[in-house]
Amino acid sequence: MNTDELEVAVVEAKRRVLEIQTKLHRWATDDPDRRFDDLFNLVADPGFLLVAWDRVRRNKGARTAGVDGQTARYVEDVQGVEVFLDQLRAEVKDRSFQPLPVRERMIPKPGTSKRRRLGIPVLRDRVIQSALKLVLEPIFEADFLPCSYGFRPKRRAHDAVAEVHHFASRSYEWIVEGDIKACFDEISHSALMDRVRRRVGDKRVLALVKAFLKAGILTEDGTLADTRAGTPQGGILSPVIANVALSVLDEHFVESRLSSGERAKRRYRGLAVYRLARYADDWVLAVSGTREQADALCAQAAGVLSTMGLRLSPEKTLITHIDEGLDFLGWRIQRHRKRGTDKHYVYVYPAKKALRAVKAKIKALCWQDTNLPLGVLLHRLTSMLRGWTAYFRYGCASATFGYVRAYLWQRVFGWLRRKHPKTTWKKLRRRYTRDGWWPADGEVVLFNPASVSTRRYYYRGTKIPQPWPTGA
């Protein structure tokens, strides 16, 4: 099969997979108690495997090999995609497929000296995990509640931040900032599988999910470690099954879906009213009540999470007032007095931790080899800053962008002074700027963070569109 034929086959497979996903989602929505008993044939379906392969191949991680050393390019150039998928399908169909251990890669945690584990599955396991996700995601999406935003289609981190801002701007002044200790490493397999069985009755699919959970880890020192708990970060299926596990928290705080009249009755009786916003394992509980009631709700959350083998970190789980502010998903959410008035509003702007992180990246790039052309440095800085400003443009970030612009200018010209120590300031500006001030190298101009316009990201609530058309 040549490249053009493969692309046509992928388009046709995507159309068919979308139709089946829509049906699965509709059936799961219409019958909340339905258990799906014949999903294994979909996982092994040639169309699902082809779409799964396309998603894996297009991911940047396709260039990274697992313990077997194979990459997507190796499959395309040496083995052949059609042969690879046929062999994989045959192994799945005859039940001889067994996942290989994930390759451990310890990466630094942002803003700390600690490291966290990233598990890199082999390419064949990624394809099967992607096929499983294509089958299971539309089913479990029917059960996930609106307060969950992480790793779900049509949802993003800005929605979770906007929800916290929306309710903190009203009477939800006490904030429980929850931090789950080593969430992806400590999820109980038995408790997780119990929740998966509520929707999946196909024992062959359950066996596949469990096999991936128990695949093991090849550590950096070359030893093989068993996985008795947790799901490796880096696996394609991990976000879905992690959301299945953490949805126990969403279901416990379903009171957030009370009508306005019922919430008013609770306030009249002196009871707390609360709203949960969760992005994967990062969650915030906005409480309309007292500090003591917020403490009690935090204890409830700890008890609910313990049923999944999870614990709250005592050091990082905080209860704060909105006037003191909180950091959530890189943003600082805090109530201030508006300058020039006596009115107070809740503002959302980049957190200091996020600012320190981008400054560290700029500094690291500008300390690299001065033998490189300036255009290479400008291209790398531009690529990084475009993504950073695109995330933080949905808030009060103009002052932060201006500060980053000034810091960026200093670092780039510091790099130029080291590269050309004997060149005068006047010559540097004439040669390496376009307007006599902002760095440029020929047609390559450094991205200016201060040029990015900012705007508010409004809370969408239940208006977020469904990933699959419900009327199909």
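Up top is the structure these notes are about.
First things first, this report covers the structure right here in the doc. (Residues numbered from 1 in each chain as written. Predicted model: local features only at pLDDT ≥ 70, side-chain atom pairs only at ≥ 80, totals over all residues. Heavy atoms only, no water.)

1. Considering the overall build of the protein chain
Piece 1. Broken down by element type, the protein chain carries 17 helices and 13 strands.
Piece 2. Taking 472 residues into account, the globule formula puts the C-alpha radius of gyration at 23 Å, and the protein chain, at 25 Å, falls close to it.
Piece 3. Its C-alpha atoms give the protein chain principal-axis dimensions of about 75 × 70 × 45 Å.
Piece 4. Buried residues in the protein chain amount to 48% of all 472 residues.
Piece 5. Within the protein chain, contacts between residues separated by at least 24 positions form 71% of all contacts whose residues are at least 6 apart in sequence.
Piece 6. Carbon and sulfur atoms form 50% of the exposed surface of the protein chain, whose accessible area is close to 23800 Å².
Piece 7. When the 83 basic and 53 acidic side-chain charges of the protein chain are each reduced to a single mean position, those positions are 9 Å apart. (Helix = DSSP H or I, 4+ residues; strand = E, 2+ residues; numbered from the N terminus. Rg over C-alpha atoms; globule rule 2.2 N^0.38 Å. Buried < 20%, exposed > 50% of the residue type's maximum accessible area, 1.4 Å probe, protein only. Contact = heavy atoms within 4.5 Å. Areas by Shrake-Rupley, 256 points an atom, 1.4 Å probe, with all protein chains shown as cover. Lys, Arg positive; Asp, Glu negative; His and termini not counted. Charge placed at Lys NZ, Arg CZ, Asp CG, Glu CD.)

2. Some details on the nonpolar core
Piece 1. Of all hydrophobic cores here, the largest spans 84 residues; its most connected members are Leu39 and Trp283.
Piece 2. The element contributing the most residues to this core is helix α6 (residues 123-141), with 10 residues.
Piece 3. Setting aside chain neighbours within four positions, we find Leu39 in contact with Leu24, Val135, Leu136, Ile139, Val200, Asp202 and Val205. (Core = buried A, V, L, I, M, F, W, Y, C linked by side-chain atoms within 4.5 Å.)

3. Brief notes about unusual backbone geometry
Piece 1. Of note in this structure, Arg95 is not a glycine but carries a positive phi near 65°.
Piece 2. You can see Arg95 is positioned in the loop between α5 (81-93) and β1 (102-108).
Piece 3. Even without a glycine there, the phi angle at Lys154 is positive, about 70°.
Piece 4. By the secondary structure assignment, Lys154 is in the loop between α6 and α7 (157-168).
Piece 5. By relative accessible area, Lys154 is classed as partly exposed at 48%.

4. Details of a negative patch on the surface
Piece 1. Taken together, the side chains of Asp4, Glu5, Glu82 and Asp86 present a region of like negative charge at the surface.
Piece 2. Locating Glu82 in the fold gives a position in helix α5. (Patch = residues over 30% accessible without salt bridge, like charges linked within 9 Å, V, L, I, M, F, W, Y side chains within 5 Å. Salt bridge = Lys/Arg side-chain N within 4 Å of Asp/Glu carboxyl O.)

5. Focus on the sheet that holds strand β11 (residues 344-350)
Piece 1. Reading across from one edge, β9-β10-β11 is the order of the 3 strands in this open sheet, with antiparallel pairing throughout. The open sheet has two free edges, formed respectively by β9 (326-328) and β11, since each of these has just one partner strand. Pairs of neighbouring strands in the sheet enclose a mean axial angle of 30°, with direction left out of account.
Piece 2. In the sheet, strand β10 (residues 331-337) pairs with β11 via 7 bridges, with the strands oriented antiparallel. Directly across from Trp331, in β11, lies its bridge partner Pro350. (Pairing = 2+ DSSP bridges. Axes fitted to C-alpha atoms, helices over the stretch in contact; angles between N-to-C directions.)

6. Quick notes on the sheet that holds strand β6 (residues 273-279)
Piece 1. With antiparallel pairing, the 4 strands of this open sheet are ordered in space as β6-β7-β3-β8. Pairing within the sheet leaves two strands with one partner each, and these edge strands are β6 and β8 (318-321). Neighbour-to-neighbour, the strand axes of the sheet open up by a mean angle of 20°, direction not taken into account.
Piece 2. Sheet analysis places strand β3 (residues 174-179) next to strand β7 (residues 282-288), joined by 6 bridges and oriented antiparallel. Across the sheet, residue Glu177 finds its bridge partner in β7, namely Val284.
Piece 3. Each of β6 and β7 touches helix α11 (residues 238-252); the most contacted strand, β6, lies at about 170° to it.
Piece 4. Across the sheet, helix α13 (residues 291-306) touches β3, β6, β7 and β8, and the angle it forms with β7 is around 145°.

7. Re the pairing of β1
Piece 1. The sheet contact formed by β1 and strand β4 (residues 217-218) spans 2 bridges and is parallel. Following the sheet pairing, Arg103 is matched in β4 by Leu218.
Piece 2. Judged from the 6 bridges that link them, β1 and strand β2 (residues 115-120) form a sheet pairing that is antiparallel. Note that in β2 the partner of Arg105 across the bridge is Leu118.

8. Re the environment of Gly47
Piece 1. For Gly47, the position within the fold is in helix α3 (residues 46-58).
Piece 2. When its relative accessible area of 11% is taken as the criterion, Gly47 is described as buried.
Piece 3. Distance in space between the C-alpha atoms of Gly47 and Val78 is 22 Å, their sequence separation being 31 residues.
Piece 4. The contact partners of Gly47, leaving out residues within four places of it in the chain, are Ala13, Arg16 and Val17.

9. Quick notes on the packing of aromatic side chains
Pairs of aromatic rings are described using the distance from one ring centre to the other and the angle between the two planes.
Piece 1. By the definition in use, this model includes 16 aromatic pairs.
Piece 2. Taken together, the aromatic side chains of Trp331, Trp388, Tyr391, Phe392 and Phe401 make up a single cluster linked through ring pairs.
Piece 3. A cation sits over an aromatic face here: Arg393 above Tyr394, 5.7 Å from the ring centre.
Piece 4. The lysine or arginine in question, Arg418, covers the ring of Trp367, its NZ or CZ lying 4.3 Å from the ring centre. (Phe/Tyr/Trp six-rings, centres within 6.5 Å; stacked < 30°, edge-to-face > 60°. Lys NZ or Arg CZ within 6 Å of the ring centre and 35° of its normal.)

10. Quick notes on a positive patch on the surface
Piece 1. Taken together, Lys114, Lys181, Lys316, Lys352, Lys353 and Arg356 make up a surface patch of like positive charges.
Piece 2. Note on Lys181: relative accessible area 38%, which makes it partly exposed.

11. Side note on α3
Piece 1. The end-to-end C-alpha distance of α3 is 18 Å, a good match for the 18 Å that 13 residues give at a rise of 1.5 Å each.
Piece 2. Taken together, the buried positions of α3 are Gly47, Phe48, Leu49, Leu50, Val51, Ala52, Trp53, Asp54 and Val56.
Piece 3. On its buried side, α3 packs onto α1 (3-30), α2 (40-43), α4 (72-79), α5 and α6.
Piece 4. Of the residues flanking the start of α3, the one acting as N-cap is Asp45, its side-chain oxygen 2.8 Å from the backbone nitrogen of Gly47. (Expected span 1.5 Å × (residues − 1). Polar contact = N/O pair within 3.5 Å; in protein donor to acceptor, adjacent residues only side chain to side chain.)

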